[in-house]
Amino acid sequence: MTAVPLGSGASAPSKMESQSSFSSSISNTSAVDSATALHTLLSPDGYYKYLRIPKPPPPAGAGSTFMPGKQGDDADGGANSGGQQSIGEVDADIVKKNYRRLSLRHHPDRPSGDAETFRVLNRAKRVLTNPKLRRQYDLLGLDLDEEEGEGGNDGGDGEKKEAGNGDGAADGQEEAGSGGSDGGVLSQMASATLAVILQMAVRTVMMGLASTLVCRYKLLLIPSIIFLAFITYKVTSTIKQLPAGTISMRERASPSMIALGLVLMYFGRSDEHPWSWTFWLGEALVMTMLLGNSVPTKSPALDLGFVILSLILSLILRGKFWRYVMVLCFTGALGIIALLVFPVMEMVLEEIMNEKLRKIGEKVRAHAKMMERYNSSSSGTAVVSD
């Protein structure tokens, strides 16, 4: 029997074995157990590693802030050049093909399967086939936005979904992923601000009609007073059926005070004197009631603030139609500014957060590589000592 030289023949098989170690571990069922698969999936960029998907390079200028079209690079896949795969693009067909093969291996009904590994594998497929989720995953290298109960379905249902409705699942997941950002703090602030501005516009129109049109003509004043008197009667009859304290005194007196303000404005205006202190008092009274009804919070300090504000605004407006038009235009300008500012603020904060996540992801990947080298050197030392 001829001995094999240690310097030549023994090194070739080991080199070949090291090059195909990952491929053989994936293809051999006995080599990759569920624990190893789960460890690989949960490691940095593990979704790419275990599903054997080449991680696309980041788009050009990914490290800079506010790059034009940066958010669309992953979604659109960039521009194709020479028929090659474009920057930031992942072949969804390859992802689904590898997922089907691995899902059969790790199916919970199989002897070698595991429910947790199967769930994470299903999540990996969804992330890699969804541009939005994959963009977030590429920043950090880890998936921190797993939905509860996402992968808890059994294998049969999962395979039916994948075979018959794969694109629909990806679209649904994209909508679910985007729901969190829509419910953020900035979105709530934008909604609240627009609601306040819209309410200001409605109150301005109502106040303008009352002080420039209703109080000028008896034909409009008398039906308005009758209507307000009817509302006062309905409120009074409803109070008797409700527990004490349900309706505040301000809400009870609001229709009557508005009617009184209209009457004061009517008698305080004439052809010779279009404005008087009586008109000012009536306009301030109506304005105070409208401002108070627009705020659900009941507070004496807030009511006093509304009174002072109404007295000042009444001195400025003086029942002039064009001044109310100016206030309405100013309110509309505020609404347009809010519509423009909040999306820009959201984009700025998103860029800042993405930059932070990108730096954290680089540290996580560097730490993982350092731990892999440390574990490899430790295992080699242990073999030599044995």
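For the structure given in this document, a descriptive report is provided here. None of the values given here were measured: they were computed from a predicted structure. (Residues numbered from 1 in each chain as written. Predicted model: local features only at pLDDT ≥ 70, side-chain atom pairs only at ≥ 80, totals over all residues. Heavy atoms only, no water.)

1. Considering a nonpolar patch on the surface
Quick reminder of the rule: Patches here: salt-bridge-free residues with over 30% relative accessible area, like charges joined within 9 Å, nonpolar side chains (Val, Leu, Ile, Met, Phe, Trp, Tyr) joined within 5 Å. Only the protein chains shown count as covering a residue, and every accessible area follows the Shrake-Rupley method with a 1.4 Å probe. We define a salt bridge as a side-chain nitrogen of Lys or Arg found within 4 Å of a carboxyl oxygen belonging to Asp or Glu. Starting at the N terminus, helices and strands are each numbered in turn, a helix being any DSSP run of H or I of at least four residues and a strand any DSSP run of E of at least two. Burial status follows relative accessibility: with a 1.4 Å probe on protein chains alone, a residue under 20% of its type maximum counts as buried, one over 50% as exposed, and anything between as partly exposed.
A cluster of nonpolar side chains, Trp-277, Leu-304, Val-307, Ile-308, Leu-309, Ile-312, Leu-313, Leu-315 and Ile-316, forms an exposed patch at the surface whose accessible area comes to about 810 Å². The biggest single contributor to the nonpolar patch is helix H14 (residues 300–317), with eight residues. The class of Leu-313 is partly exposed, set by a relative accessible area of 30%.

2. Notes on unusual backbone geometry
In this structure, Asp-45 is a non-glycine residue whose phi angle is positive, near 60 degrees. By the element assignment, Asp-45 lies in the loop between helix H3 (34–42) and helix H4 (46–50). In this structure Asp-45 comes out as buried when scored by relative accessible area, which is 11%. For Arg-52, which is not glycine, the phi dihedral falls at a positive 55 degrees. As for its placement among the helices and strands, Arg-52 is situated in the loop between H4 and helix H5 (70–76).

3. A look at helix H12 (residues 249–267)
Put simply, the rule reads: Here a helix's expected span is defined as the number of its residues, less one, multiplied by 1.5 Å. What the bend at a residue measures is the angle between two axes, fitted to the seven residues ending there and to the seven starting there. Contacts are residue-level and defined by heavy atoms, with any inter-residue pair within 4.5 Å sufficient.
Taking 1.5 Å per residue, 19 residues should reach 27 Å; H12 reaches 27 Å between its end C-alpha atoms and fits that length. Of all bends in H12, the biggest is about 40 degrees, found at Pro-255. Burial in H12 covers these residues: Arg-250, Ser-254, Pro-255, Ile-258, Ala-259, Gly-261, Leu-262, Met-265 and Tyr-266. Against the buried residues of H12 lie helix H10 (185–212), helix H11 (218–239), helix H13 (277–293) and H14.

All quantities given are derived from atomic positions and should not be read as evidence of function.
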